Amino acid sequence: TQLLEQSPQFLSIQEGENLTVYCNSSSVFSSLQWYRQEPGEGPVLLVTVVTGGEVKKLKRLTFQFGDARKDSSLHITAAQPGDTGLYLCAGAGDNAGNMLTFGGGTRLMVKP
Amino acid sequence: DAMVIQNPRYQVTQFGKPVTLSCSQTLNHNVMYWYQQKSSQAPKLLFHYYDKDFNNEADTPDNFQSRRPNTSFCFLDIRSPGLGDAAMYLCATSGTGRSPLHFGNGTRLTVT
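Residue numbers here run from 1 along each chain, matching the order of that chain's written sequence. Chains and ligands are labelled sequentially in the order written, the chains with letters from A and the ligands with numbers from 1. With the structure being a predicted model, the display of local features is reserved for residues of pLDDT at least 70 and the display and counting of side-chain atom pairs for 80 or more, all residues being used for whole-chain, interface and lining totals. Values shown for side chains rest on all heavy atoms present in the structure; no hydrogens or waters enter the calculation.

Asks: Can you lay out the environment of Leu-27 of chain B for me, pointing to particular residues and giving the numbers?
Replies: With respect to the helices, strands and loops of the structure, Leu-27 of chain B is situated in the loop between strand 3 (19-25) and strand 4 (31-37). Note: C-alpha distance between Leu-27 of chain B and Gly-95 of chain B (68 residues apart in sequence) is 8.7 Å. Counting from the N terminus, the helices are the DSSP runs of H or I reaching at least four residues and the strands are the DSSP runs of E reaching at least two.

Asks: Residues and numbers for the pattern of salt bridges, please.
Replies: The term salt bridge refers to a side-chain nitrogen of Lys or Arg lying within 4 Å of a carboxyl oxygen of Asp or Glu. Here the structure, examined in full by the defined rule, presents 4 salt bridges over all chains. For Glu-54 of chain A, the salt bridge goes to Lys-56 of chain A, with nearest N and O atoms at 3.7 Å. Note that Arg-67 of chain B and Asp-77 of chain B form a salt bridge whose closest N and O atoms lie 2.7 Å from each other. Taken together, the positions of Arg-67 of chain B in strand 7 (residues 64-67) and Asp-77 of chain B in strand 8 (residues 73-78) put the pair 10 residues apart, joining distant regions of the chain.

Asks: Give a description of the nonpolar core that names residues and reports values.
Replies: Residues and elements named next belong to chain A. We define a nonpolar core as any set of buried Ala, Val, Leu, Ile, Met, Phe, Trp, Tyr and Cys residues linked to one another through side-chain atoms lying within 4.5 Å. Throughout, exposure labels follow a simple rule: accessible area from a 1.4 Å probe, protein chains only, divided by the maximum for the residue type, with under 20% read as buried, over 50% as exposed, and the rest as partly exposed. Within the largest apolar cluster, 21 residues are counted, with the highest numbers of intra-cluster contacts made by Leu-19, Leu-32, Trp-34, Phe-63, Leu-74, Ile-76 and Leu-108. Elements with a minimum of two residues in this core: strand 3 (19-24), strand 4 (29-37), strand 5 (44-49), strand 7 (61-65), strand 8 (71-76), strand 9 (85-93) and strand 11 (106-111). Should any heavy atoms of two residues lie within 4.5 Å, those residues are considered in contact. Among residues more than four places away in sequence, those in contact with Phe-63 are Trp-34, Leu-46, Val-47, Val-49, Glu-54, Val-55, Lys-56, Leu-58, Ser-73 and Leu-74.

Asks: I'd love a proper account of the interface of chain A and chain B, names of residues and values included.
Replies: Taken together, the contacts link 24 residues of chain A with 20 residues of chain B. Once two parts are put together, the accessible area they lose, assessed with a 1.4 Å probe and summed over both, is termed the buried area. Summing both sides of the interface, chain A and chain B together bury roughly 1600 Å²; the carbon and sulfur share of this comes to 59%. Summed over the three residues of chain A that lose the most area to chain B, namely Pro-43, Met-99 and Phe-102 of chain A, the buried surface amounts to 32% of that side. Those elements that provide at least two residues to the side of chain A that touches chain B are strand 4, strand 5, strand 9 and strand 10 (100-102) of chain A.

Asks: So, the sheet that holds strand 8 of chain B: which residues are in play, and what are the values?
Replies: All names here are of chain B. Only strands joined by at least two bridges in the DSSP assignment are considered to pair. Spatial strand order, 1-3-8-7: 4 strands in an open sheet with antiparallel pairing. Two strands close off the open sheet at either side, each with one partner strand: strand 1 (4-7) and strand 7. When the angles between neighbouring strand axes are averaged without regard to direction, this sheet yields 20°. Axis lines are fitted through C-alpha atoms, for helices just across the contact stretch, and the angle between N-to-C directions can take any value from 0 to 180 degrees.

Asks: Give a detailed account of the packing of aromatic side chains, specifying residues and quantitative values.
Replies: How two aromatic rings sit relative to each other is set out by the distance from centre to centre and by the angle between their planes. All names here are of chain A. Here a Phe, Tyr or Trp ring, Trp counted by its six-membered ring, pairs with any other such ring whose centre lies within 6.5 Å, and the pair is stacked when the planes are under 30 degrees apart, edge-to-face when over 60, and tilted otherwise. Using the criterion set out here, one finds 11 aromatic pairs over all chains in the structure. Ring plane angle 45° and centroid distance 5.9 Å describe the contact between Tyr-35 and Phe-102, whose orientation is recorded as tilted. Of this pair, Tyr-35 sits in strand 4 while Phe-102 sits in strand 10, and the two are 67 residues apart along the sequence. Looking at Tyr-35, the relative accessible area reads 0%, which means it is buried.

Asks: Pulling in residues and values, what's your account of the pairing of strand 6 (residues 53-56) of chain B?
Replies: Residues and elements named next belong to chain B. Bridging between strand 5 (residues 44-50) and strand 6 involves 4 bridges; their strand directions are antiparallel. The residue bridging Tyr-50 from the neighbouring strand is Asp-53, located in strand 6. Turn length for the strand 5-strand 6 hairpin, with the two strands adjacent in sequence and antiparallel, is 2 residues, and the turn residue Asp-51 shows positive phi of about 55°.

Asks: Hey, could you go over the state of the cysteines for me, with residue numbers and the actual values?
Replies: Residue and element names in this part refer to chain B. The term disulfide is used for any two cysteine sulfur atoms that are within 2.5 Å. For the coordinates displayed, the defined rule picks out 2 disulfides over all chains. With its sulfur 2.0 Å from that of its partner, Cys-23 forms a disulfide with Cys-91. Handedness of the Cys-23-Cys-91 disulfide follows from its S-S torsion of about -70°: it is left-handed. Residue Cys-23 is located in strand 3, and its partner Cys-91 is located in strand 9 (residues 87-94); the two are separated by 68 residues in the primary sequence. Here Cys-23 and Cys-91 have matching classes, each one buried.

Next comes the structure, spelled out in structure tokens:
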């Protein structure tokens, strides 16, 4: 069973601060996805990273996939209240039949 | 817009009274999933269909059943809901088992 550990579990920061969320595993993933979920809604895909060492940017969000494809990070610059939500990482195994493995989630609150 | 639609958004049922949640998709995706999500936690996979092939997670209680009569629709049946089954139930679809997931907005189930 592939496990993904996400940290921190909870994060409360002031508007304008920077933050990083980590997603770590001892297993290798063929790709890793990041989702954001707002209260009362389903998770929405933010990005998929596929190549070891890959960096993707989505406005103020920077996603990185580790060189060994075992870990990933999400960095938010100058956080805004609209960034508040549950951030989930999910890894796809190398086996074609594997389902996604979700991390435990990071609940972010950005206070104005 | 292609999407995943869950009905109802909110469902209240009595302890032990069977309840059915529904999901439809216009994405024509092969895979449909049911997840259970409790407060501030990551979604937990209950089961999924790859086309007509049903796949049950090992720790999904027998109380939970699913039907997929055609590509577009999938149902979650809870035969005898307990208080511990109160949760958000999320339906998702994907093209393959490792593709990004498209989630519905969920059904929040309350058991009284």
